[in-house]
Amino acid sequence: MHTKTLFDKANLKYFFIWGISFLLSGLLKLFGYFIPNVLIINNFLLLLLVFGPSLLVTMILVFNKFSNS
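Residues numbered from 1 in each chain as written. Predicted model: local features only at pLDDT ≥ 70, side-chain atom pairs only at ≥ 80, totals over all residues. Heavy atoms only, no water.

(A) Seen up close, the overall build of the protein chain. Along its length, the protein chain carries two helices and zero strands. The buried share of the protein chain, reckoned over its 69 residues, is 1%. (Helix = DSSP H or I, 4+ residues; strand = E, 2+ residues; numbered from the N terminus. Buried < 20%, exposed > 50% of the residue type's maximum accessible area, 1.4 Å probe, protein only.)

(B) Highlighting the packing of aromatic side chains. Tallied over the full model, the rule gives one aromatic pair. Ring geometry for tyrosine 33 against phenylalanine 34: centres 5.3 Å apart, planes inclined by 70 degrees, an arrangement best described as edge-to-face. Exposure class is identical for tyrosine 33 and phenylalanine 34. Each is exposed. (Phe/Tyr/Trp six-rings, centres within 6.5 Å; stacked < 30°, edge-to-face > 60°.)

(C) Structural context of helix H2 (residues 43-68). Taking 1.5 Å per residue, 26 residues should reach 38 Å; H2 reaches 37 Å between its end C-alpha atoms and fits that length. The sharpest bend along H2 reaches about 40 degrees and sits at phenylalanine 51, with the proline proline 53 one to four residues further on. (Expected span 1.5 Å × (residues − 1). Bend = angle between axes of the 7 residues up to and from the residue.)

(D) Examining a nonpolar patch on the surface more closely. Residues Ile41, Phe44, Leu45, Leu46, Leu47, Leu48, Leu49, Val50 and Phe51 make up a contiguous nonpolar surface patch of about 920 Å² in total accessible area. Mapped onto the elements of the fold, phenylalanine 44 is located in helix H2. Using a relative accessible area of 63% as the deciding quantity, one classes phenylalanine 44 as exposed. (Patch = residues over 30% accessible without salt bridge, like charges linked within 9 Å, V, L, I, M, F, W, Y side chains within 5 Å. Areas by Shrake-Rupley, 256 points an atom, 1.4 Å probe, with all protein chains shown as cover. Salt bridge = Lys/Arg side-chain N within 4 Å of Asp/Glu carboxyl O.)

Written as structure tokens, this is what we have:
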């Protein structure tokens, strides 16, 4: 009987994505440390970046629900 573990071949893509995201976040952190004036973001833009995608997905799901009914 074969049980799934965290290190199966199907799960290796997640470790690859994790590695890339950690590397990218580290590079952006270093970039922001050395050149801090480039990354100044106002509060409205921050709210738009955080809540915009979820609001868009929610609107699409609601429209699909009403169009299928």
